[in-house]
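Take a look at the letters that make up each chain.
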Amino acid sequence: MAVTIVVANRKGGSGKTTTTVNLADGLARRGKKVLVVDADSQAQATVSIGILPHRLTMTLYELLHLAASPRGLGKEQINETVIRNQKLFDLIPSKPDLSAVEVELANQTGRESLLKDLLLDVMEDYQFILIDLPPSLGFVAVNGLVAADWLVIPTEPSFLSMDGLAQMMGILYRVNAELNPGLRLMGVLPVKCDLRTNLARSVLAEIKNNFGEEMLLPPIRNDIRLAEAPSFGKTIFEYSPASRGAQDYENLVETILSRSGEQ
């Protein structure tokens, strides 16, 4: 049965996609069977591994509509959608049409659980399922939180980003109370860190004070190679395996394996 991790933050540009894709590749390099679900209509996880969404006929958008239809969704349609052999991990891709699904399925009964129900058909095929969420708290984001066991919140070390972190914690409490009592915080992940600055050190200290040291995941330092890698359709482990970014994501992989019990 797969461990399902959702990567989310209300603030855009917080490193959600970078974390999802590189964590997936790092786990796969440890021999784990991994599925990434691109649940963002910007389709950045899809694009970052070299896939053009406009060329796809089946994406998460179509799967959600099938899951909501009277005939339901079968594993055959999921298998047709999953992109394999592009990377060491598998991917359910996205496309811009996903932004319309909130309106199109507004009156659907059980709409908050469509993604969870969809993933039940592939739970036995993977050890990890990673869901890359959009920054807005809409239909798709709620579906991701309902489907997940763990929440990882990437955040930049700035005090403005602390507001997004506080909002995500409020959302976590609401989801726990109303929709998914099993969702737990895996940790807060500082990204784009320059640990030489007083600002970064003070924000990390603030996170420790508010959440406890055990909830602070290993920081991801500033590394231009992390920004360059997606333009080549590569993860950091493919693009620059000796870089700081690769080292930091390797440390994150180790922590995720330990905390999820999949070491």
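Just so you know, these numbers come straight off a predicted model, no measurement behind them.

(A) Quick peek at the pattern of salt bridges. In the structure shown here, the tally under the stated rule is 13 salt bridges. Among the charged side chains, a network of salt bridges with common partners joins Arg-30, Glu-250 and Glu-254.

(B) Structural detail: unusual backbone geometry. One non-glycine residue, Asn-85, lies in the positive phi region at around 70°. With respect to the secondary-structure elements, Asn-85 resides in the loop between helix H4 (75-81) and strand S3 (90-92). The exposed category is assigned to Asn-85, whose relative accessible area is 77%. The backbone phi angle of Lys-192 is positive, close to 55°, even though this residue is not glycine. Tracing the sequence through the fold places Lys-192 in the loop between strand S6 (184-190) and helix H9 (198-211). Taking the relative accessible area as the measure of exposure, Lys-192 reaches 39% and is therefore partly exposed.

(C) Quick look at empty space enclosed by the protein. Counted by the stated rule, this structure contains 1 cavity of 30 Å³ or more. Roughly 50 Å³ of volume is contained in the largest cavity. Lining the largest cavity we find Ala-8, Asn-9, Arg-10, Leu-133, Pro-134, Pro-135, Ser-136, Leu-137, Ala-141, Leu-145, Met-168 and Ile-171. Secondary-structure elements contributing two or more residues to the lining of the largest cavity are helix H7 (139-147) and helix H8 (159-178). A breakdown of the residues in the lining of the largest cavity according to their chemical character gives 9 nonpolar, 2 polar and 1 charged.

(D) Region of the structure containing the environment of Leu-189. Mapped onto the secondary structure, Leu-189 falls in strand S6. A relative accessible area of 0% places Leu-189 in the buried class. As a C-alpha pair, Leu-189 and Ala-68 span 121 residues in sequence and 34 Å in three-dimensional space. Once residues lying within four places of it in the same chain are set aside, the contact partners of Leu-189 are Thr-19, Val-152, Ile-153, Pro-154, Thr-155, Leu-217, Pro-218, Ile-220 and Leu-252.

(E) Structural context of the UniProt feature "domain: AAA" (unreviewed entry) in the chain. With numbering matched to this structure, UniProt assigns "domain: AAA" (unreviewed entry) to residues 4-184. Structurally, residues 4-184 is divided into 41% helix and 13% strand, and its ends, taken at the C-alpha atoms, are 11 Å apart.

(F) Inspection of the layout of surface pockets at higher detail. Of the voids in this model, the largest pocket is the one considered here, and its volume is about 510 Å³. Lining the largest pocket we find 31 residues, and of these Gly-15, Lys-16, Thr-17, Thr-18 and Lys-192 sit closest to its centre. Looking at the lining of the largest pocket, the elements with two or more residues in it are helix H1 (16-28), helix H2 (44-48) and helix H10 (224-228). The element contributing the most residues to the lining of the largest pocket is H1, with 6 residues. In terms of residue class, the lining of the largest pocket is made up of 11 nonpolar, 13 polar and 7 charged. Volume-wise, the second largest pocket comes out at about 150 Å³. Taken together, 15 residues form the lining of the second largest pocket, with Leu-98, Ser-99, Pro-134, Ser-136 and Val-140 sitting closest to its centre. Elements supplying a minimum of two residues to the lining of the second largest pocket: helix H5 (101-104) and H7.

(G) The side chain of Asn-9, seen in detail. Here Asn-9 shows up in the loop between strand S1 (3-7) and H1. Among the polar contacts listed, one links the side chain of Asn-9 to the backbone oxygen of Pro-154, at a separation of 2.6 Å. Ignoring sequence-local partners within four residues, the contact set of Asn-9 consists of Ser-14, Lys-16, Pro-134, Pro-135, Ile-153, Pro-154, Thr-155, Gly-164, Leu-165 and Met-168.

What counts and what doesn't
- Numbering of residues starts from 1 in each chain and follows the order in which that chain's sequence is written.
- Reporting in this predicted model follows two pLDDT cut-offs: at least 70 for local features of residues, and 80 or more for side-chain atom pairs to be given and counted; totals over whole chains, interfaces and linings ignore these cut-offs and use all residues.
- As a convention, hydrogens and water are excluded, and side-chain values are obtained from all of the structure's heavy atoms.
- Any Lys or Arg side-chain nitrogen located within 4 Å of an Asp or Glu carboxyl oxygen qualifies as a salt bridge.
- Runs of H or I in DSSP of at least four residues are treated as helices and runs of E of at least two as strands, each being numbered from the N terminus.
- Each residue is assigned to one of three classes by its accessible area relative to the maximum for its type, calculated with a 1.4 Å probe on protein chains only: buried under 20%, partly exposed between the two thresholds, exposed over 50%.
- Both site types are read off a 1 Å grid over the protein atoms alone. A 1.4 Å probe that fits but cannot get out defines a cavity, while an open set with protein on both sides within 12 Å along at least five of seven lines defines a pocket; lining residues have an atom within 4 Å of a point.
- Grid points are joined across faces, edges and corners, and a volume is the space filled by probe spheres set on the points.
- Think of it as three bins: nonpolar holds Ala, Val, Leu, Ile, Met, Phe, Trp, Tyr, Cys and Pro, charged holds Asp, Glu, Lys and Arg, and polar takes everything else, Gly as well.
- A contact between two residues is defined here by any heavy atoms of the two lying within 4.5 Å.
- UniProt positions are given in the numbering used here, feature names are shortened, and annotations may be inferred rather than shown by experiment.
- Counting of polar contacts relies on pairs of N or O atoms within 3.5 Å, with two restrictions inside protein: one atom must be capable of donating a hydrogen and the other of accepting it, and residues adjacent in sequence are counted only when both atoms are side-chain atoms.

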